[in-house]
Amino acid sequence: MSVTPTGPNAQNPRHLPVSLWLLIAAVLIAGLSACIAGMAAAGRAPGSAAFLAGVGFFAAAQGVRIKVSFRGDRLHVTWTETALIIALCLMSPGWVVPVAAVGVLLGELAAGVAPIKSLYNAATMAVGAALAGTVVHVFGGRPVVPVSWSGLLVLLVATAVFLVATTSLVAAALALADRVSPAAFVRRVGARWLLPASGVACGLLAVLLRVPSFHYLALVPPVLWLLYEVYRDRRRVGLERRSWQAFAAATHDLNRLDAPAVIESAVRSALRLFAPDSVEIALLHAGLPTQVHIGRPDGQDIRVTGRRDELPRRGEDPPPGRASEPELTADEYTRVLTVDGERIGRLRLEFGSPGQLGEREQLRLSAFADALGAALHNATAHGRLREMADKKAYEADHDPLTGLANRGSLLASGDERLRDGYRDGSPQVSLLLLDLDHFKDVNDTIGHAAGDELLRAVANRLANAAGPGETLARLGGDEFALLITEPPVDRPAIEHAADRARELAAALSTPIEIAGVALSIEASIGVVAAPDSGCAMAELLRRADVAMYQAKKGGRPIARYAADRDAGSTDRLALLAELREALSTDDQLVLELQPAIDLATGGPVGVEALIRWRHPRRGRLGPGEFVSAVEQSDLIRPFTRYVLNSALSMMADWAVEGLDLPVAVNLSVRNLLDRRLPAEVAELLRLHDIPPSQLILEITETVMMTELDIIDDVLAGLRAIGVQLAVDDFGTGYSSLTFLARFAVDEVKVDQAFVAQMADSPEAEAIVRSTVELGRALGLRVIAEGVETDDQRAALAAMGCSAGQGYHFYPPMEISQATRTLFELRDATTAEVITLPHRATHEA
Ligand code: C2E
Ligand code: CA
Ligand code: CA
């Protein structure tokens, strides 16, 4: 068995170096001499039948080569060692030389090896066989079958000599032809010693098994040929299947969503499928890169050149200086890419020489090109859709003239910020509304086009002045708005907004040149901050508009929103009509709950119900915006009933779920002037089956200043039912102490203003401290309102205040969220309470 590495040895004979020609000549002469000398030394010739059988045997051994992949190398495996050992046992060693040489020559030619190379290999064979024959001759002549151990040894040595000789000659030729160093070649062959070794082993085994006979030999070529055909067939089927699998995977991989990815995949796949030297894809269809290349098998060279904007559109000349369009004609290695009959480019493979693709592979190339065309078409179509969708989305949110956010997107982003802000306490959101003065005059004097240009210039100025955390929008006409969502922590949102208004006015003060005319721009700016109580973006915008109008009317550049000058918010009649309607539904007026927290244990001591109005048009309104109007109308009774009913029905739900916490409901002074209140409260408590002591009614000190008789009666009535009473906003009235002396209450709520100033103002601190002490002396619960920081919490706890309420713990929350929170809080703190005695028992 000999191994011929396949490789770049298919050189054109004319290019062989002279030294190689000399070597070939020398080896040919040596081979011929070896043949002649062998025949002369051997004497009696074998019969012509035996001679032909031997030749056929060697031809088969050399010609029926099998391609194998071995350690990453592709090799041809031949069987000459085996043939040599058998032949040495069958005929005189001298005759083996010409028989082997002729056989190898025929075998090589039959396998399609170039004549010069076949001749060289035959001569090599002759030289090797002669040396092997000499070894056999020297050690006692032809071994007789069955071969003795010494005979086997002789055969082994002879084959070794043969292998060394032939390998060296091949190495020499390769070294001269391919500049493969002999050392490298020997290393390469040496690494595969197993193949010749197993050939030798086969030969020796055959000898031991007494196979060598001319009858068998005659059988070898047809049997080998048959086996070879079967092998080749199976191999072809296997290759075919694998290549179709690879093809299917490659076309599948073409399904990408953008054209460059399709092209990259196509280049990579074409390299894998057809193994060309390089792949080129050139496109000339609008929307695709013009020139796209080129992948080489090392895989490093995949690149896409040409940009969309360089593209010649259909029917347009290519930009000057650019290569002309690639020719779109198909040949052996080129396929035109078409979509719906339209030619969009080409796919071309490059090979060193023609004839590298068989018929099947050419068909496969056509199919691949079709798949590529379709994939490119899909990718472009998808790209256009995506662009359209992006454009639509952009247009929906932006003002076409200036590119700024439009009213809709300002409302949406503002509402989101407000929602988040109210969830966490109070939103630090403010809004500026800016309206250019005398814009109409400008438009009328210098024309609409110049007016548009002016608006764009103003938009630019404002955009440059806007900072992070600010959204600039054009609301239409000459109206712009700036939404400010991240004011500095140390400055109230409204003050910061006023600062920004001054800065925007300053940014517009330098004249703007439009159509050669320098125009000085003035604007009126309305400033508003979101109230703590709750407000939707639409309402904030309306208020900013009111402020802006106030600025214009007063001839000032900037005005802050003032509720008392807001006709919209003081339009009580409209508001009350809407409220009457809201009371007949159950989804406009809703309660939020704010827990009061035990400062010692962190557990909930109760919750306060706070009313919110989800106004269908004005957005979210806090009690500050409508309760005072309600209090001055006849709606106060149904409103209070609505709130009490909502709170008690929620408590009934809680009872079912296993939660019982006192709930505080706020009353107005007007409620306490209504003698029917106690009966109504009692009726509602009965209706919902709630123990009266679970309900806390919060009243303010202002009741001191009104008709005391009725109030005395109403409060006595409420006490008689068994509900608890709390004084709200304690410390703000004129006669707090008198109040406590007069009315028996269960709870005092320290007003949040004192809690807020406690750290800075000794007076505030004194009021809080004395309220806590007074409460303790009178046996009342004291709840501090508006606790916003941990320092406040700690100070209050140190004073002995029993409970606190405020953003530091929780903001007012929707009922469902508050319920979840209360369950968690209760479970966490109950667990602690239960473990305490348990631990005590252990220690005892
Ligand atoms: P209030 O009874 O003093 O309620 C506490 C107010 O302080 C609530 O404002 C609450 O959201 C807010 N607050 C809570 N924690 C903090 C904090 O840490 N810092 C600050 N700065 N504020 C905090 P809200 O909900 O706007 O209520 C305002 C007032 O409206 C209430 O003052 C109460 O007097 C009245 N009110 C609320 N709901 C009702 C109701 O159903 N009926 C009546 N008649 N009045 C109500
Ligand atoms: Ca209250
Ligand atoms: Ca209060």
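Residues numbered from 1 in each chain as written. Chains lettered and ligands numbered in written order. Predicted model: local features only at pLDDT ≥ 70, side-chain atom pairs only at ≥ 80, totals over all residues. Heavy atoms only, no water.

Asker: Looking at this structure, how should I read the site of ligand 1?
Answerer: Around ligand 1 lies a shell of 21 residues, among which Gln-594, Arg-612, Asp-728, Glu-788 and Tyr-807 are the nearest. With respect to ligand 1, the side chain of Asn-666 contributes an N or O atom lying 3.1 Å from an oxygen atom. Separating a nitrogen atom of ligand 1 from a side-chain N or O atom of Ser-668 is a distance of 3.1 Å. Bound to the protein, ligand 1 loses 84% of the 790 Å² it would expose on its own. Secondary structure elements with two or more residues in the shell around ligand 1: strand S16 (604-615), helix H20 (636-657) and strand S20 (724-730). Counting residues per element, the shell around ligand 1 draws most heavily on S16, at 4 residues. Of the residues belonging to the shell around ligand 1, the class tally is 8 nonpolar, 7 polar and 6 charged. (Near = heavy atom within 4 Å. Polar contact = N/O pair within 3.5 Å; in protein donor to acceptor, adjacent residues only side chain to side chain. Areas by Shrake-Rupley, 256 points an atom, 1.4 Å probe, with all protein chains shown as cover. Helix = DSSP H or I, 4+ residues; strand = E, 2+ residues; numbered from the N terminus. Nonpolar A, V, L, I, M, F, W, Y, C, P; charged D, E, K, R; others polar.)

Asker: Can you walk me through the environment of Pro-115 in this structure?
Answerer: The residue Pro-115 is located in helix H5 (residues 115-138) in this model. Separated by 10 residues in sequence, Pro-115 and Leu-105 place their C-alpha atoms 8.6 Å apart.

Asker: Where do I start with the packing of helix H2 (residues 48-63) against helix H3 (residues 80-90) in this structure?
Answerer: In a pair of packed helices, the angle between the axes and the distance between the axes together describe the arrangement. One can describe the packing of H2 onto H3 by two numbers: an axis separation of 8 Å at closest approach and a directional angle of 160°. When the axes of H2 and H3 are compared, the pair comes out roughly antiparallel. For H2 against H3, the interelement crossing comes out right-handed. Residue-level contacts link Phe-57, Phe-58, Ala-61 and Gln-62 of H2 to Thr-80, Ala-83, Leu-84, Ile-86 and Ala-87 of H3. When the residues that make up the contact of H2 with H3 are grouped by side-chain class, the tally is 7 nonpolar, 2 polar and no charged. (Axes fitted to C-alpha atoms, helices over the stretch in contact; angles between N-to-C directions. Parallel < 35°, antiparallel > 145°, perpendicular 65-115°, else oblique. Left-handed = near helix turned anticlockwise from the far one by under 90°. Contact = heavy atoms within 4.5 Å.)

Asker: Which parts of the structure should I look at to understand the coordination of the calcium ion (ligand 2)?
Answerer: Each protein donor to the calcium ion (ligand 2) is listed here as Glu-608 (OE), Asn-666 (OD1), Glu-698 (OE) and Asp-728 (OD); together their distances run 2.1 to 2.3 Å. As a motif over one chain, the donors of the calcium ion (ligand 2) read E-x57-N-x31-E-x29-D. A separation of 4.1 Å is found between the calcium ion (ligand 2) and the calcium ion (ligand 3), which share Asp-728 as a coordinating residue. Here Glu-698, found in strand S19 (residues 695-700), pairs with Asp-728, found in strand S20; they are 30 residues apart in sequence, far enough to count as distant. We note that Glu-698, like Asp-728, is buried. (Donors = N, O, S within 2.8 Å, 3.2 Å for Na, K, Ca; no water. Buried < 20%, exposed > 50% of the residue type's maximum accessible area, 1.4 Å probe, protein only.)

Asker: Would you take a moment to explain the coordination of the calcium ion (ligand 3) for this structure?
Answerer: When a metal holds four donors in a tetrahedron, each ideal angle between them is 109.5 degrees; when it holds six in an octahedron, the ideal angles are 90 or 180 degrees. On the protein side, the calcium ion (ligand 3) has Asp-728 (OD), Asp-729 (OD), Glu-785 (OE) and Glu-785 (OE) as donor atoms, found 2.1 to 2.9 Å from it. Along the chain, the residues donating to the calcium ion (ligand 3) are arranged with the sequence spacing D-D-x55-E.

Asker: I keep staring at the pairing of strand S4 (residues 278-283) and nothing clicks. Help me out?
Answerer: Two faces, one strand: in a regular strand the side chains alternate between the faces of the sheet. A large share of S4 lies buried, amounting to 6 of its 6 residues. Burial along S4 is two-sided: the face carrying Ser-278, Glu-280 and Ala-282 and the face carrying Val-279, Ile-281 and Leu-283 are both buried. Pairing of S4 with strand S7 (residues 342-350), which is carried by 6 bridges, proceeds in the antiparallel orientation. Pairing of Leu-283 across the sheet is with Gly-345, part of S7. (Pairing = 2+ DSSP bridges.)

Asker: It is not clear to me how the pattern of salt bridges should be interpreted in this structure. Could you clarify?
Answerer: For side chains of opposite charge, pairing can occur when their charged atoms come near one another. Applying the stated rule across the entire model yields 42 salt bridges. The residue Lys-391 makes a salt bridge to Glu-395 at a minimum N-O spacing of 3.9 Å. You can see Lys-391 and its partner Glu-395 sitting in helix H11 (residues 359-397), 4 residues apart, about one turn around the helix. Ionic pairing is found between Glu-592 and Arg-620, a salt bridge with its closest N-O pair at 3.5 Å. With Glu-592 in strand S15 (residues 589-598) and Arg-620 in strand S17 (residues 619-621), the pair connects residues that are 28 residues apart, well separated along the chain. The class of Glu-592 is buried, set by a relative accessible area of 9%. Note on Arg-620: relative accessible area 24%, which makes it partly exposed. A single salt-bridge network, built from bridges that share partners, covers Arg-637, Arg-641, Asp-674, Arg-676, Glu-680 and Glu-683. (Salt bridge = Lys/Arg side-chain N within 4 Å of Asp/Glu carboxyl O.)

Asker: Can you help me understand the packing of aromatic side chains in this one?
Answerer: What describes a pair of aromatic rings is the distance from one ring centre to the other and the angle between the planes of the rings. Applying the stated criterion to the full structure yields 8 aromatic pairs. With a centroid separation of 5.4 Å and 85° between ring planes, the pair formed by Trp-244 and Phe-247 is classed as edge-to-face. With Trp-244 and Phe-247 both in helix H9 (residues 214-253), this residue pair falls 3 residues apart, about one helical turn. Taking the relative accessible area as the measure of exposure, Trp-244 reaches 42% and is therefore partly exposed. Geometrically, the ring pair formed by Phe-274 and Phe-368 is edge-to-face, given 6.1 Å between the ring centres and 70° between the ring planes. You can see Phe-274 sitting in helix H10 (residues 259-274) and its partner Phe-368 sitting in helix H11, a full 94 residues away along the chain. Just as Phe-274 is buried, Phe-368 falls in that class too. Linked through ring pairs, Trp-244, Phe-247, Phe-274 and Phe-368 together constitute an aromatic cluster. Sitting over the ring of Trp-244, Arg-364 keeps its end group 4.8 Å from the ring centre. Between Arg-620 and the ring centre of Tyr-422, over which it is positioned, the NZ or CZ distance is 4.2 Å. (Phe/Tyr/Trp six-rings, centres within 6.5 Å; stacked < 30°, edge-to-face > 60°. Lys NZ or Arg CZ within 6 Å of the ring centre and 35° of its normal.)

Asker: Hey, could you run me through unusual backbone geometry in this one?
Answerer: Backbone phi values are negative for most residues with the exception of glycine, while trans is the configuration of most peptide bonds. Notably, Ala-275 is not glycine yet its phi reads approximately 45°, a positive angle. For Ala-275, the location among the structural elements is in the loop between H10 and S4. The phi torsion at Asp-689 lies on the positive side, around 60°, for a residue other than glycine. Locating Asp-689 in the fold gives a position in the loop between helix H22 (677-688) and S19. In this structure Asp-689 comes out as exposed when scored by relative accessible area, which is 66%.

Asker: I would appreciate a short explanation of the pairing of strand S6 (residues 334-339) in the present structure.
Answerer: With 5 of 6 residues buried, S6 lies mostly within the body of the structure. Alignment of S6 against S7, held across 6 bridges, turns out to be antiparallel. Looking at the pairing, Thr-334 lines up with Arg-348 of S7. If you look at the hairpin formed by S6 and S7, you'll find 2 residues sitting between the two strands, and Asp-340 has a positive phi there, around 55°.

Asker: In this structure, what is going on with the environment of Ala-726? I would like to understand it.
Answerer: Structurally, Ala-726 can be placed in strand S20. Residue classification places Ala-726 among the buried residues on the basis of a relative accessible area of 0%. Sequence-wise, Ala-726 and Asn-666 are 60 residues apart; in three dimensions their C-alpha atoms are separated by 9.3 Å. Other than its neighbours up to four places away in sequence, Ala-726 contacts Ile-696, Leu-697, Glu-698, Ile-699 and Glu-747.

Asker: Is there a simple way to explain the confidence of the model for the chain in this structure?
Answerer: Low pLDDT means the predicted coordinates in that region are not meant to be read closely. Per-chain confidence: the chain averages 83 in pLDDT, with 86% of residues scoring 70 or above. Averaged pLDDT values over the elements of the chain bottom out at 46 in strand S1 (residues 3-5) and peak at 98 in strand S18 (residues 663-666). Under a pLDDT of 50 for its full length, residues 307-324 has, in the predicted model, 23 contacts with residues more than four places off or in other chains. Contacts for the low-pLDDT stretch residues 832-844, under 50 throughout, to residues beyond four places or in other chains number 0 contacts. (pLDDT = per-residue confidence, 0-100.)

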